Protein chains: 6
Amino acid sequence: MAQVTVWRRLRFNAAHRVHNPALSEAENKRLFGKCNNPNWHGHNYELEVAVKGEIDPVIGYVIDLSTIKEIVEREVIDQVDHMNVNLDVPWLSGVNPTTENLVVRFWERIAPAIAPAQLVTLRLRETENNYVEYSGE
Amino acid sequence: MAQVTVWRRLRFNAAHRVHNPALSEAENKRLFGKCNNPNWHGHNYELEVAVKGEIDPVIGYVIDLSTIKEIVEREVIDQVDHMNVNLDVPWLSGVNPTTENLVVRFWERIAPAIAPAQLVTLRLRETENNYVEYSGE
Amino acid sequence: MAQVTVWRRLRFNAAHRVHNPALSEAENKRLFGKCNNPNWHGHNYELEVAVKGEIDPVIGYVIDLSTIKEIVEREVIDQVDHMNVNLDVPWLSGVNPTTENLVVRFWERIAPAIAPAQLVTLRLRETENNYVEYSGE
Amino acid sequence: MAQVTVWRRLRFNAAHRVHNPALSEAENKRLFGKCNNPNWHGHNYELEVAVKGEIDPVIGYVIDLSTIKEIVEREVIDQVDHMNVNLDVPWLSGVNPTTENLVVRFWERIAPAIAPAQLVTLRLRETENNYVEYSGE
Amino acid sequence: MAQVTVWRRLRFNAAHRVHNPALSEAENKRLFGKCNNPNWHGHNYELEVAVKGEIDPVIGYVIDLSTIKEIVEREVIDQVDHMNVNLDVPWLSGVNPTTENLVVRFWERIAPAIAPAQLVTLRLRETENNYVEYSGE
Amino acid sequence: MAQVTVWRRLRFNAAHRVHNPALSEAENKRLFGKCNNPNWHGHNYELEVAVKGEIDPVIGYVIDLSTIKEIVEREVIDQVDHMNVNLDVPWLSGVNPTTENLVVRFWERIAPAIAPAQLVTLRLRETENNYVEYSGE
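Residues numbered from 1 in each chain as written. Chains lettered and ligands numbered in written order. Predicted model: local features only at pLDDT ≥ 70, side-chain atom pairs only at ≥ 80, totals over all residues. Heavy atoms only, no water.

Visitor: I would appreciate a short explanation of the overall build of chain A in the present structure.
Guide: Summing up its helical and strand segments, chain A has three helices and five strands in all. In chain A, the succession of α and β elements from N to C terminus is β-α-β-α-β-α-β-β. Along the longest, intermediate and shortest principal axes, the C-alpha atoms of chain A span 60 × 25 × 25 Å. For chain A, the residues scored as buried account for 60% of the 137 residues in total. Within chain A, contacts between residues separated by at least 24 positions form 68% of all contacts whose residues are at least 6 apart in sequence. Of the accessible surface of chain A, which amounts to about 5200 Å², a share of 49% is contributed by carbon and sulfur atoms. Separation between the mean location of the 14 positive side-chain charges and that of the 19 negative ones in chain A comes to 5 Å. (Helix = DSSP H or I, 4+ residues; strand = E, 2+ residues; numbered from the N terminus. Buried < 20%, exposed > 50% of the residue type's maximum accessible area, 1.4 Å probe, protein only. Contact = heavy atoms within 4.5 Å. Areas by Shrake-Rupley, 256 points an atom, 1.4 Å probe, with all protein chains shown as cover. Lys, Arg positive; Asp, Glu negative; His and termini not counted. Charge placed at Lys NZ, Arg CZ, Asp CG, Glu CD.)

Shown next as structure tokens:
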């Protein structure tokens, strides 16, 4: 059977501060510049979720897109949307919320929740000029 | 010689109904919801075609983009554009036209027509929030 | 008080056939070409709704965007999304569903429903290359 | 001489909280929902600036785009980018930072700074689904 | 009858040099910087054409989009696409090809060719960050 | 440690002529059509740069995006932006500037300059309908 990858985009708006609490304020300022503003800044994030598998011959889908949507909203979007990802999300507590760190934490929640369907890539876009991709390696 | 992948986007507008004729109307309605509307709905589809190969040292192309365009228009776009993909396309007869099923059928027509150039990926976008990718596996 | 215009985008996917029932099939075919396919085709439509007014000093909004969303979904989107606009929508019955005719019929439903807020423009996009604007004139 | 309108887009990323300090916390929560999160959320804002005038016959511009850029960066972008617009910007102190209120305050700074060139419209986009326009009325 | 505005986008790729031949090389360099490179640079231009009028009750269009396309291609696109607009276009001879000057020259060709339909706005986009609009004033 | 891929987009505007100097003018005209215009044409190019690696536990980045930006601007963007890539760039001298050939030459400069960080893909977009990808194979 053909193996197809299905991509679904979801969006959220959040505040964050790039900050490593193990370092001094001065060191944080030096490393992260304006992204370290103690009063936060924020982004319109886009999260793209890729699930790969055989096409189910009965429904013609690899996975119903509404299933992806429900799982990703429950596990990630509803918990980070209109939130401060440094302060408001228990499972991000103590995490320096760079796009890299966020995408790995999102993977840890989405991959098991979507199984046995196979999550193959997460793409997290922070601005029109930058995004990260993670495939669980 | 360097191996480069060339992507060309083409577009078409079509009507469809997500429907498995082997199932009852009630079961189709339950599985596919509003996508099963018996009077059809439709989309602006985007098809992205990736061909990979060595750069030809004479022309500096992997493949002339106009060659991709002509083949994909002849094999797919001209046959589905402004059509009902459930009713109007002989080679889609009996196919439940999910994005997954469409992309595999498109591959079966484009891959041999474009050979010996190597089709490596098809990406078929149905809305701004979802698309599928197929690499012939 | 400052007069500001607020724009909200909504989307729907629909099937249609450009067809004037007062004309012969041959004349329709001549006038509308592939857009006249009797088996329909379809689009991802984008509707942008502009409301103009003073900023309410208590809430800081001209109008809550969720109010626009609820009214436009109830009056238009929920009735045309995943529908055939020639067949499934009573208030479009007998209308040749060109983008121009659709935008005027949408105005006739949204403008009174959103009053006393002032609808100033509707923009209806059919493809990435064409859209229409209507301001009630 | 021909009158042409020149548009320049600039971007900034900021945190905010939609909140009217004259109202109770409960009332703010009721009016603004998740946009009232006391720990802030944020956006990738896009500001489009329109200047209208005659084409200068020597330079062929209405106004050099780098002049627009320098003025808008100095007056607005550099002061709000990677900032919390509720806390970090003196000239927004006490303002409920809805998109409507922001665009008017931006106008008050840009219009005199860009004179004698004529600012005719500001467009401020908060998400891909909503933006506001202000023309100084 | 309702007055609707129809917009059609067309694209072209061209080389140009921002240069006023009445000025010295040094003055051109000072005024236009890198845009004055004597060996040219180039852009993917987007031209959006707006025609306003009553909806024709027989066809349901203000104007057939294919009519706009044919006229604008004949009058402008086919003459500037893959061209050097300083060197290759007789009706741009001696014009300093700023976006402002181009849009006015395009208007002078499209407006009479599209009459009696009423051209109301041309929008010419040079990059994702800047465009100009002209309405014949 | 998690392996994440970071993408950064940069843009430049350039003139070019698709032309193989080893062939006759007639043969060039036949092979490359309007892209062979001797007076040049041009594009708004987008270059996307992907770097893959472990997340640095101190900074939470694979690589600071400003490091990518500085290196790619120094090695490529500043040398091709607002330039004629056939005439103005010593390290492109004699290269037929197809998108394929450009992306390979860009790789040869960026990959060593960004080491020990690992450049994994370059994507070079010429128009909204076509782009190429190169991964150093």
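Continuing now.
Visitor: What should I look at first to understand the interface of chain A and chain D in this one?
Guide: Interfaces are often described in size by the accessible area the parts lose on coming together. Across the boundary between the two partners, chain A contributes 25 residues, which contact 25 residues of chain D. Interface area for chain A against chain D, summed over the two sides, is near 1900 Å², with a carbon-plus-sulfur share of 41%. If you sort the residues of chain A by the area they bury against chain D, Asn39(A), Asn44(A) and His82(A) come out on top, with a joint share of 29%. If you look at where chain A meets chain D, you find six salt bridges. Those elements that place two or more of their residues in the side of chain A that touches chain D are strand E1 (3-16), strand E2 (41-54), strand E3 (83-84) and strand E4 (118-127) of chain A. Looking at side-chain class alone, the side of chain A that touches chain D contains six nonpolar, eleven polar and eight charged residues. (Buried area = accessible area lost by both parts, 1.4 Å probe. Salt bridge = Lys/Arg side-chain N within 4 Å of Asp/Glu carboxyl O. Nonpolar A, V, L, I, M, F, W, Y, C, P; charged D, E, K, R; others polar.)

Visitor: Can you help me understand the relation of the copies chain E and chain F in this one?
Guide: Both copies of the chain are related through a single rotation about an axis accompanied by a shift along the same axis. Structural alignment of chain E on chain F gives an RMSD of 0.0 Å, achieved by rotating through 180° and translating 0.0 Å along the axis. Taken together, these values place the two copies in the relation of a two-fold axis. Interface overlap between copies is the fraction of interface residues in one copy that are interface residues in the other; for chain E against chain F it reaches 100%, indicating a shared surface. (Least-squares fit on C-alpha atoms with pLDDT ≥ 70 in both.)

Visitor: Explanation requested: the nonpolar core in the structure shown.
Guide: Note that soluble globular proteins tend to have their nonpolar side chains buried in a common cluster. Core analysis: the biggest nonpolar cluster contains 106 residues, and Leu47(C), Phe106(C), Leu47(D), Phe106(D), Leu47(E) and Phe106(E) have the highest contact counts within it. Grouped together as the second largest cluster of nonpolar side chains are 105 residues, Tyr45(B), Leu124(B), Ile55(F) and Val76(F) included. (Core = buried A, V, L, I, M, F, W, Y, C linked by side-chain atoms within 4.5 Å.)

Visitor: Mind showing me how you'd approach the packing of helix H2 (residues 65-80) of chain B against helix H3 (residues 99-114) of chain B here?
Guide: Each pair of packed helices can be summarised by the angle the axes make with each other and by the distance between the axes. All names here are of chain B. Where H2 meets H3, the closest approach of the two axes is 10 Å, and the angle between their N-to-C directions is 150°. Considering the angle they form, H2 stands roughly antiparallel to H3. Crossing of H2 over H3 shows right-handed handedness. In this structure, H2 uses Ile-68, Ile-71, Val-72, Arg-74, Glu-75, Val-76, Gln-79 and Val-80 to contact H3, whose residues at the interface are Phe-106, Arg-109, Ile-110, Ala-113 and Ile-114. For the contact of H2 with H3, the per-class residue count stands at nine nonpolar, one polar and three charged. (Axes fitted to C-alpha atoms, helices over the stretch in contact; angles between N-to-C directions. Parallel < 35°, antiparallel > 145°, perpendicular 65-115°, else oblique. Left-handed = near helix turned anticlockwise from the far one by under 90°.)

Visitor: It is not clear to me how the pattern of salt bridges should be interpreted in this structure. Could you clarify?
Guide: Two side chains carrying opposite charge are able to pair once their charged atoms lie near each other. All names here are of chain B. Counting across every chain of the model gives 78 salt bridges over all chains. Among the ionic pairs, Glu-27 bridges to Arg-30, the shortest N-O distance being 2.8 Å. Highlighted residues: Glu-27 and Arg-30, both in helix H1 (residues 25-32), separated by three residues, approximately one helical turn. Classification of Glu-27 by relative accessible area gives partly exposed; the value is 28%.

Visitor: Honestly, the pairing of strand E2 (residues 41-54) of chain F in this entry has me stumped. Any pointers?
Guide: Looking down a regular strand, the side chains alternate between one sheet face and the other. Residue and element names in this part refer to chain F. Most of E2 sits out of view: eleven of its 14 residues are buried. In terms of strand pairing, E2 meets strand E4 (residues 118-127) through seven bridges, oriented antiparallel. Among the inter-strand pairings, Lys-52 is bridged to a residue of E4, identified as Gln-118. (Pairing = 2+ DSSP bridges.)

Visitor: Sorry, what's going on with the environment of Arg109(E) here?
Guide: All names here are of chain E. Structurally, Arg-109 can be placed in helix H3 (residues 99-114). Along the primary structure Arg-109 and Leu-92 are separated by 17 residues, whereas in three dimensions their C-alpha atoms are 11 Å apart. Among all residues touching Arg-109, those that are not within four sequence positions of it are Glu-75, Gln-79 and Trp-91.

Visitor: In this structure, what is going on with unusual backbone geometry? I would like to understand it.
Guide: For residues that are not glycine, phi is negative in most cases, and the peptide bond is trans in most cases. With an omega of 10°, the peptide bond running from Ala115(C) to Pro116(C) counts as cis. If you check the backbone angles, His82(B) has positive phi at about 60° while not being a glycine. For His82(B), the location among the structural elements is in the loop between H2 and strand E3 (83-84). Accessibility expressed as a relative area gives 7% for His82(B), which makes it buried.

Visitor: Looking at this structure, I do not really get helix H3 (residues 99-114) of chain C. What am I missing?
Guide: Given 3.6 residues per helical turn, the α-helix brings residues three or four places apart onto the same face. For H3(C), with 16 residues, the first-to-last C-alpha span of 22 Å sits near the 22 Å given by 1.5 Å per residue. The largest bend in H3(C) comes to about 25°, at Trp107(C). Contacts made by the buried residues of H3(C) are with strand E1 (3-16), strand E2 (41-54), helix H2 (65-80), strand E4 (118-127) and strand E5 (130-134) of chain C together with strand E1 (3-16) of chain E. (Expected span 1.5 Å × (residues − 1). Bend = angle between axes of the 7 residues up to and from the residue.)

Visitor: Is there a simple way to think about the environment of Glu126(C) in this case?
Guide: The topology assignment puts Glu126(C) in strand E4. Residue classification places Glu126(C) among the buried residues on the basis of a relative accessible area of 12%. Remark: the alpha-carbon pair of Glu126(C) and Gly42(C), spanning 84 residues in sequence, is separated by 9.3 Å. Residue contacts for Glu126(C): discarding those within four places in its chain leaves Asn44(B), His16(C), His43(C), Asn44(C), Tyr45(C) and Thr99(C).

Visitor: For this particular structure, what's the right way to read the pairing of E4(A)?
Guide: Residue and element names in this part refer to chain A. Among the ten residues in E4, eight count as buried, and that is most of the element. As paired elements, E4 and strand E5 (residues 130-134) share five bridges and run antiparallel to each other. Residue pairing in the sheet places Arg-123 in a bridge with Glu-133 of E5. Hairpin connection, E4 to E5: the antiparallel pair is bridged by two residues.

Visitor: What am I meant to see in the packing of aromatic side chains here?
Guide: Each pair of aromatic rings is reported with the distance of its centres and the angle of its planes. For the structure on display, the rule yields 36 aromatic pairs over all chains. With a centroid separation of 6.0 Å and 70° between ring planes, the pair formed by Phe12(C) and Phe106(C) is classed as edge-to-face. Separated by 94 residues along the polypeptide, Phe12(C) in strand E1 and Phe106(C) in helix H3 bring together distant segments of the chain. When the centroid spacing of 5.3 Å and the interplanar angle of 75° are considered together, the rings of Trp107(D) and Tyr134(D) count as edge-to-face. (Phe/Tyr/Trp six-rings, centres within 6.5 Å; stacked < 30°, edge-to-face > 60°.)

Visitor: Help me understand the confidence of the model for chain A, please; the structure alone is not making it clear to me.
Guide: Atomic detail in the predicted coordinates should be set aside for any region of low pLDDT. For chain A, the mean per-residue pLDDT works out to 98, and 100% of the residues sit at or above 70. In the model output, the complex is listed with pTM 0.98 alongside ipTM 0.97. (pLDDT = per-residue confidence, 0-100.)

Visitor: It is not clear to me how the side chain of Asn86(F) should be interpreted in this structure. Could you clarify?
Guide: All names here are of chain F. Looking at where Asn-86 falls in the secondary structure, it is placed in the loop between strand E3 (83-84) and helix H3 (99-114). One polar contact links the side chain of Asn-86 to the main-chain carbonyl oxygen of Arg-17, over a distance of 2.9 Å. If near-sequence neighbours (up to four positions away) are discounted, Asn-86 is found in contact with Ala-15, His-16, Arg-17, Trp-40 and Pro-97. (Polar contact = N/O pair within 3.5 Å; in protein donor to acceptor, adjacent residues only side chain to side chain.)

Visitor: How do you make sense of the interface of chain E and chain F when you look at a structure like this?
Guide: Contacts between the two partners involve 25 residues from chain E, matched on the other side by 25 residues from chain F. When the two sides are added together, the surface that chain E and chain F hide from each other amounts to roughly 1900 Å², 41% of it contributed by carbon and sulfur. For the pair chain E and chain F, the interface holds six salt bridges. Salt-bridge contacts for Arg9(F) lead to Glu128(E); the nearest nitrogen and oxygen are separated by 2.8 Å. Between chain E and chain F we count 21 residue pairs in polar contact (both at pLDDT 80 or more) in total.

Visitor: For this particular structure, what's the right way to read the environment of Ala26(A)?
Guide: Among the structural elements, Ala26(A) can be located in helix H1 (residues 25-32). As a C-alpha pair, Ala26(A) and Lys52(A) span 26 residues in sequence and 45 Å in three-dimensional space.

Visitor: Got a minute to help me understand the side chain of His41(A) in this structure?
Guide: Tracing the chain through its elements places His41(A) in strand E2. Here His41(A) is in contact with Ala14(A), Ala15(A), His16(A), Lys34(A), Cys35(A), Asn13(D), Ala14(D), Ala15(D), His82(D) and Met83(D), once residues within four sequence places are set aside.

Visitor: What is the right way to read helix H2 (residues 65-80) of chain D from this model?
Guide: Residues and elements named next belong to chain D. Glu-73 marks where H2 bends most, by close to 60°. Those residues of H2 not exposed but buried are Ile-68, Ile-71, Val-72, Glu-75, Val-76, Ile-77 and Val-80. Elements in contact with the buried residues of H2: strand E1 (3-16), strand E2 (41-54), strand E3 (83-84) and helix H3 (99-114). Phi turns positive, to about 60°, at His-82, one or two residues after H2.

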